[in-house]
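Per-entry structural report
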Amino acid sequence: MTSADTHQAPDGASSAGTALLKMLGGVALWLFAAFTFTTLPLSVMASDGCGTGDTQMICTAAGQNVVFWTPVLGAPAAAFLGTWGLVSRRENAPLAWMAALMMLMATWFVVLSIAR
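A brief report on the enclosed structure follows. What you see is a predicted model; the values in this text were computed from it and never measured.

A full pass over the atoms with the stated rule returns three aromatic pairs. The interplanar angle of 85° and the centroid separation of 5.4 Å between the aromatic rings of Trp30 and Phe80 together place this pair among those described as edge-to-face. Within this pair, whereas Trp30 is found in helix α2 (residues 12-39), its partner Phe80 is found in helix α3 (residues 61-87), the two being separated by 50 residues in sequence. When its relative accessible area of 38% is taken as the criterion, Trp30 is described as partly exposed. Between Phe68 and Trp69 the ring centres are 5.0 Å apart and the planes differ by 90°, which places this aromatic pair in the edge-to-face class. On the basis of relative accessible area, Trp69 is assigned to the partly exposed category, the value being 43%.

Laid out in structure tokens, this is it:
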């Protein structure tokens, strides 16, 4: 075995550490996605105080649909995308995990900006 080969093959401790970090990243991602999925659709109740002449986005049917459906569709998609990013062996796959987290944060931003 040459010195170049030893740099390619990870030792047991580093691969166990990497697996642990990926597991923790996956658990954090799924908890964040589950919290987003269960909590954010309830933000549609911000429209309870709307009157007949209110022009806020949450007082429209389109705004209420965006507030409800964005987390319902986005959270599972982000969870599966991030999980794929953690288990895939492709070189840029970890970027999918980061994109999934950004997707969840964007979901929170969109919903809370409409439901304010």
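A few words now on the state of the cysteines. Defined simply, a disulfide is a covalent bond joining two cysteines at their sulfur atoms. Counted by the stated rule, this structure contains one disulfide. Each sulfur in the disulfide pair Cys50 and Cys59 lies 2.0 Å from the other. Measuring handedness by torsion sign, the sulfur bridge of Cys50 and Cys59 sits at about -80° and is left-handed. Judged by relative accessible area, which is 24%, Cys50 ranks as partly exposed.

With that settled, consider α3. In this model, α3 (27 residues) spans 39 Å end to end at C-alpha, consistent with the 39 Å of a helix rising 1.5 Å per residue. Taken as a whole, α3 has its buried residues at Gly63, Val67, Pro71, Val72, Gly74, Ala75, Ala78, Ala79, Gly82, Gly85 and Leu86.

Reported here for the largest pocket is a volume of approximately 190 Å³. Forming the walls of the largest pocket are Lys22, Gly85, Leu86, Val87, Ser88, Arg89, Arg90, Glu91, Ala93 and Pro94. A per-element tally of the lining of the largest pocket places α3 first, with three residues. Taken together, the residues of the lining of the largest pocket break down into four nonpolar, two polar and four charged.

Rules behind the numbers
Residues numbered from 1 in each chain as written. Predicted model: local features only at pLDDT ≥ 70, side-chain atom pairs only at ≥ 80, totals over all residues. Heavy atoms only, no water. Phe/Tyr/Trp six-rings, centres within 6.5 Å; stacked < 30°, edge-to-face > 60°. Helix = DSSP H or I, 4+ residues; strand = E, 2+ residues; numbered from the N terminus. Buried < 20%, exposed > 50% of the residue type's maximum accessible area, 1.4 Å probe, protein only. Disulfide = S-S within 2.5 Å. Expected span 1.5 Å × (residues − 1). 1 Å grid on protein atoms, 1.4 Å probe; cavity = no way out; pocket = protein on both sides within 12 Å on 5 of 7 lines; lining within 4 Å. Points joined across faces, edges and corners; volume = space filled by probe spheres on them. Nonpolar A, V, L, I, M, F, W, Y, C, P; charged D, E, K, R; others polar.

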